[in-house]
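# Tertiary structure, described
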Amino acid sequence: MYNVVSREGAMELFEKAKSVRLRSHHDKYLLADDDEETVSQERNGTIRNAKWTVEIVGNSNAIRLKSCFGKYLTASNTPLLLGLRGKKVLQTLPPGRLDSSVEWEPVKEGVQVRLRTRYGQYLRANGGVPPWRNHITHDIPQRSSTQDWILWGVDVVDIRVQDPPPQQRRPSDQIETAPDSEQSDDSEQSDDDSSEGSPVKNEGRVIRYSVSTNEDADDVEEQSFSFKGRMVEELKNKLEEETGLIGIQICCRNPLNGKLYPLRLHLPPNSTEMHVVVVPSSGRG
């Protein structure tokens, strides 16, 4: 039997996320295959094929998931194998208006979610032996041993930034304009100043770090330093120098659920301040 579920909690998670990765019960990630048609599951979740852009469907409790190829996760009517219940899940771009086949209703199940179609079937990551293994279908599990195959962990990749409400200018905020002659002089002076400016130097970003072996410990005092590199391996070497530890893993904390997830390959492309957690080799979970 399923536990009590919450649609609102699941929708709140996706409303905050701009893009996500979906991790199946088999600890594999939902992938958009390079043929731009099929989908599958694989353990490497760092590749771009594992990243899905979240679109909220109007005022409903449904979302769309768009692949890196600009196509939508789609519940098709084509059976995976003739005579079997499971139907294929594909990535498609329907012509004209998008229909309900590309809409999924998230239903929260503990710390995981189920994704339900309009007709009550669920996104399912198949296991077992070929031809089922690594295939993605939508159906309703009939056996207790496959009930967990429709459960997905959600890793938030990018957070959705809410646009601030427009500010209205009050009468007291109005700026008095100078006579035309003075305004012209000011403009010329401003142009001269800007032409003399030099390019802004890249001073790197501020890295704030703490060392922790406990995933739930978020009140550890942070240290900081300036860092100009772009690769995680460079940051790892720098942190090993700073901490005196060897064989560390660099993690960030998910802002939605507080869990740690490891950094891979590249740092974010901008130079904004980063908060990381250094996990010693003995403290890896």
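You'll find the structure just up there.
Before going into details, it helps to say that this report is about the structure given with it.

About the criteria used
The numbering scheme is per chain: residues are counted from 1 as the chain's sequence reads. pLDDT decides what is reported in this predicted model: residues at 70 or higher carry local features, side-chain atom pairs at 80 or more are listed and counted, and totals for whole chains, interfaces and linings draw on all residues regardless. Neither water nor hydrogens contribute to the side-chain values; these are computed over all heavy atoms in the structure. One bridge is not enough; two strands pair if DSSP finds at least two bridges between them. By the criteria applied, helices consist of DSSP H or I runs no shorter than four residues and strands consist of E runs no shorter than two, each listed in order from the N terminus. With axes taken as lines fitted to C-alpha atoms, and helix axes fitted only over the stretch in contact, angles between N-to-C directions fall between 0 and 180 degrees. In this analysis, two residues are considered to be in contact whenever any of their non-hydrogen atoms come within 4.5 Å of each other. Three exposure classes are used, based on accessible area relative to the maximum for each residue type with a 1.4 Å probe and protein chains only: buried under 20%, partly exposed in between, and exposed over 50%. Note on aromatic pairs: the rings of Phe, Tyr and Trp (six-membered ring only in Trp) are paired at centre separations within 6.5 Å, and the planes decide the class, stacked below 30 degrees, edge-to-face beyond 60, tilted for the rest. In our convention, an over-ring charge means Lys NZ or Arg CZ found within 6 Å of a ring centre and within 35 degrees of that ring's normal.

### What to know about the pairing of strand β4 (residues 52–56)
The pairing of strand β1 (residues 17–24) with β4 spans 2 bridges and is classified as antiparallel. The residue bridging V20 from the neighbouring strand is W52, located in β4. Here 4 bridges tie β4 to strand β5 (residues 63–66), and the two strands are oriented antiparallel to one another. Looking at β5, one finds that E55 is bridged to R64. Counting the residues in the hairpin turn of β4 and β5 gives 6 residues, including G58, whose phi is positive at 50 degrees.

### Some thoughts on the sheet that holds strand β14 (residues 223–227)
What the 5 strands build is an open sheet, ordered β14-β13-β17-β15-β16; its pairing is mixed. Single-partner strands in this sheet number two, and they are β14 and β16 (260–262). Neighbour-to-neighbour, the strand axes of the sheet open up by a mean angle of 40 degrees, direction not taken into account. In terms of strand pairing, strand β13 (residues 205–211) meets strand β17 (residues 274–279) through 5 bridges, oriented parallel. Following the sheet pairing, Y209 is matched in β17 by V276. The strands that helix α3 (residues 232–243) touches are β13, β14, β15 (249–253) and β17; relative to β14, the one it contacts most, it runs at about 135 degrees.

### So, the environment of L30
With respect to the secondary-structure elements, L30 resides in strand β2 (residues 29–32). Considered as a pair, L30 and H135 are 105 residues apart in the sequence and their alpha carbons are 9.8 Å apart. Beyond its immediate chain neighbours, meaning those up to four positions away, L30 contacts L22, S40, N49, A50, W52, L73, L123, I136 and W152.

### Observations regarding the pairing of β2
Burial along β2 is two-sided: the face carrying Y29 and L31 and the face carrying L30 and A32 are both buried. Here β2 runs beside strand β3 (residues 39–42); their pairing, made up of 4 bridges, is antiparallel. Of the residues in β3, the one forming a bridge with L31 is S40.

### With respect to unusual backbone geometry
If you check the backbone angles, D27 has positive phi at about 60 degrees while not being a glycine. In this fold, D27 is placed in the loop between β1 and β2. For D27, a relative accessible area of 48% corresponds to the partly exposed category. Located in the positive-phi region is E36, a residue other than glycine, with phi close to 60 degrees. Residue placement: E36 occurs in the loop between β2 and β3.

### Description of the packing of aromatic side chains
Considering all chains together, one arrives at 1 aromatic pair under this definition. Taken together, a centroid distance of 5.8 Å and an interplanar angle of 55 degrees make the contact between Y209 and F225 tilted. Of this pair, Y209 sits in strand β13 while F225 sits in strand β14, and the two are 16 residues apart along the sequence. Residue Y209 is classed as buried on the basis of its relative accessible area of 7%. Across from the ring centre of F225, 5.5 Å away, lies the NZ or CZ of K238, which sits over that ring.

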